[in-house]
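Structural characterization, general
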Amino acid sequence: MNLPELLPAQWRAELEPFLDAGATAALGEFVASEYASHTVFPPIEDLFAAYRLCAPEQTRVLILGQDPYHGPGQAHGLSFSVREGVRIPPSLRNVFKELAEDVDVAPPTSGDLTNWAEQGVLLLNAVLTVRAGAAASHGGKGWEAFTDATIRALNARDERVVFLLWGGYARKKAALVTNPAHVVLEAGHPSPLNPKGFRGSRPFSAANKALADGGRPVVDWDPRQGS
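Residues numbered from 1 in each chain as written. Predicted model: local features only at pLDDT ≥ 70, side-chain atom pairs only at ≥ 80, totals over all residues. Heavy atoms only, no water.

1. Let's talk about the overall build of the protein chain
Helices and strands together make up the secondary structure of the protein chain, namely nine helices and six strands. Computed over its C-alpha atoms, the radius of gyration of the protein chain comes to 17 Å, within 12% of the 17 Å expected for a compact globule of 227 residues. For the protein chain, with 227 residues in total, the buried portion stands at 52%. For the protein chain, the exposed area adds up to about 9900 Å²; of that, 51% sits on carbon and sulfur atoms. (Helix = DSSP H or I, 4+ residues; strand = E, 2+ residues; numbered from the N terminus. Rg over C-alpha atoms; globule rule 2.2 N^0.38 Å. Buried < 20%, exposed > 50% of the residue type's maximum accessible area, 1.4 Å probe, protein only. Areas by Shrake-Rupley, 256 points an atom, 1.4 Å probe, with all protein chains shown as cover.)

The structure is reproduced here in structure tokens:
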């Protein structure tokens, strides 16, 4: 499986300078083997959905998750997001509570964040695949270098990108953002198991302020509406 060939052409061109060809090839072999021999999420057609919906030049915000949901029908290639009709996971419920308190968006009944992606919010997981029922099962197999390359590619761009890093794992990636054009906003993870650090962080209004200050359009954070 040639992973770069599966990316949209614009992303492939931007990532390749930051990818090690040998490591990427080994990752492709591992991913192909896993899809062939196990149930893996997201479905392979959704593997690069975040990249497909959000071109590099359109990317205004990056929200970084850790790895995909590992339950049936949940993961569809966008961090924190689930398809229409799928029960909203607890972390996303907390995101929606903060959304309501921060920018007065009533909590949606659907957890599908496709509208955010279409507005330039790159909903990226650090690890892009997972074996069914086995959280973090594809960690340490090479995806981290692939998605670090994505962050490095965005860091190399001159137009402002706001990096929303929630939780200890995501916050470690702040070290990859060295370009002063960009803004990093850190907070705790939205999991209900983490009672402090996320609620009250006001990430959505802060991201829009940073975008406006950088001369970029703000995001309409209501997942039910286009902008």
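2. A look at the sheet that holds strand 2 (residues 61-65)
Taken in spatial order, the four strands of this open sheet run 3-2-5-6, and their pairing is parallel. Looking along the sheet, the strands with just one partner apiece sit at the ends: strand 3 (121-125) and strand 6 (183-187). Each adjacent strand pair in this sheet contributes to an overall mean axis angle of 20 degrees, direction not counted. Note that strand 5 (residues 162-166) and strand 6 share five bridges and pair parallel. What sits directly across from Phe163, in strand 6, is Val184. Lying over the sheet, helix 7 (residues 143-155) contacts strand 2, strand 3 and strand 5, oriented at roughly 155 degrees with respect to strand 3. (Pairing = 2+ DSSP bridges. Axes fitted to C-alpha atoms, helices over the stretch in contact; angles between N-to-C directions. Contact = heavy atoms within 4.5 Å.)

3. Overview of the packing of aromatic side chains
Each aromatic ring pair is characterised by the separation of its centres together with the angle its planes make. All chains considered together, the criterion is met by 12 aromatic pairs. Centre to centre, the rings of Trp166 and Phe198 are 5.0 Å apart; their planes meet at 70 degrees, and the pair counts as edge-to-face. One end of the pair, Trp166, is in strand 5; the other, Phe198, is in the loop between strand 6 and helix 9 (203-213), and 32 residues separate them in sequence. Taken as a pair, Trp166 and Phe198 share a single burial class, namely buried. (Phe/Tyr/Trp six-rings, centres within 6.5 Å; stacked < 30°, edge-to-face > 60°.)

4. Quick notes on the pattern of salt bridges
Side chains that differ in charge, positive against negative, can pair when their charged atoms come close. For the coordinates displayed, the defined rule picks out 11 salt bridges. Between Glu98 and Arg202 there is a salt bridge; the shortest N-O distance is 3.6 Å. With Glu98 in helix 5 (residues 90-103) and Arg202 in the loop between strand 6 and helix 9, the pair connects residues that are 104 residues apart, well separated along the chain. Arg202 gets classed as partly exposed once you look at its relative accessible area, which sits at 35%. Across the pair Lys209 and Asp213 runs a salt bridge whose closest N-O atoms are separated by 2.8 Å. Of this pair, Lys209 and Asp213 both sit in helix 9, four residues apart, which is roughly one turn of the helix. (Salt bridge = Lys/Arg side-chain N within 4 Å of Asp/Glu carboxyl O.)

5. Topic: the environment of Val31
Tracing the sequence through the fold places Val31 in helix 3 (residues 21-37). It is 24 Å that separates the C-alpha atoms of Val31 and Pro56, two residues lying 25 residues apart in sequence. If we skip the residues at most four places from it in the chain, Val31 touches Met1, Thr129 and Trp143.

6. Here we look at helix 7
For helix 7, which comprises 13 residues, the first-to-last C-alpha distance of 18 Å matches the rise-based estimate of 18 Å (1.5 Å per residue) to within 8%. Counting buried positions over the 13 residues of helix 7 gives 11, a clear majority of the element. The complete set of buried residues in helix 7 reads Trp143, Glu144, Phe146, Thr147, Asp148, Ala149, Thr150, Ile151, Ala153, Leu154 and Asn155. (Expected span 1.5 Å × (residues − 1).)

7. Overview of helix 9
All buried positions along helix 9 are accounted for by Pro203, Phe204, Ala207, Asn208, Ala210 and Leu211. Axial view of helix 9: buried residues confined to an arc of 160 degrees, hence all on one face. Away from its buried face by more than 90 degrees, helix 9 exposes Lys209 and Asp213. On its buried face, helix 9 is in contact with strand 2, helix 5, helix 6 (114-118), strand 5 and strand 6. Count one or two residues on from helix 9 and you reach Gly215, which has phi positive near 80 degrees. (Arc of directions from axis to C-beta.)

8. Re a nonpolar patch on the surface
Residues Met1, Leu6 and Ile44 make up a contiguous nonpolar surface patch of about 250 Å² in total accessible area. Within the element layout of this structure, Ile44 appears in the loop between strand 1 (40-41) and helix 4 (49-53). (Patch = residues over 30% accessible without salt bridge, like charges linked within 9 Å, V, L, I, M, F, W, Y side chains within 5 Å.)

9. Observations concerning the UniProt feature "active site" (unreviewed entry) in the protein chain
In this structure's numbering, the residues bearing the UniProt feature "active site" (unreviewed entry) are Asp67. Examined against the element boundaries, Asp67 turns out to sit in the loop between strand 2 and helix 5. Ignoring sequence-local partners within four residues, the contact set of Asp67 consists of Asn125, Val127, Val130, Ala135, Ala136 and Ser137. A distance of 2.7 Å separates a polar side-chain atom of Asp67 from the backbone nitrogen of Ala136. (UniProt positions renumbered as here; feature names shortened; annotations may be inferred. Polar contact = N/O pair within 3.5 Å; in protein donor to acceptor, adjacent residues only side chain to side chain.)

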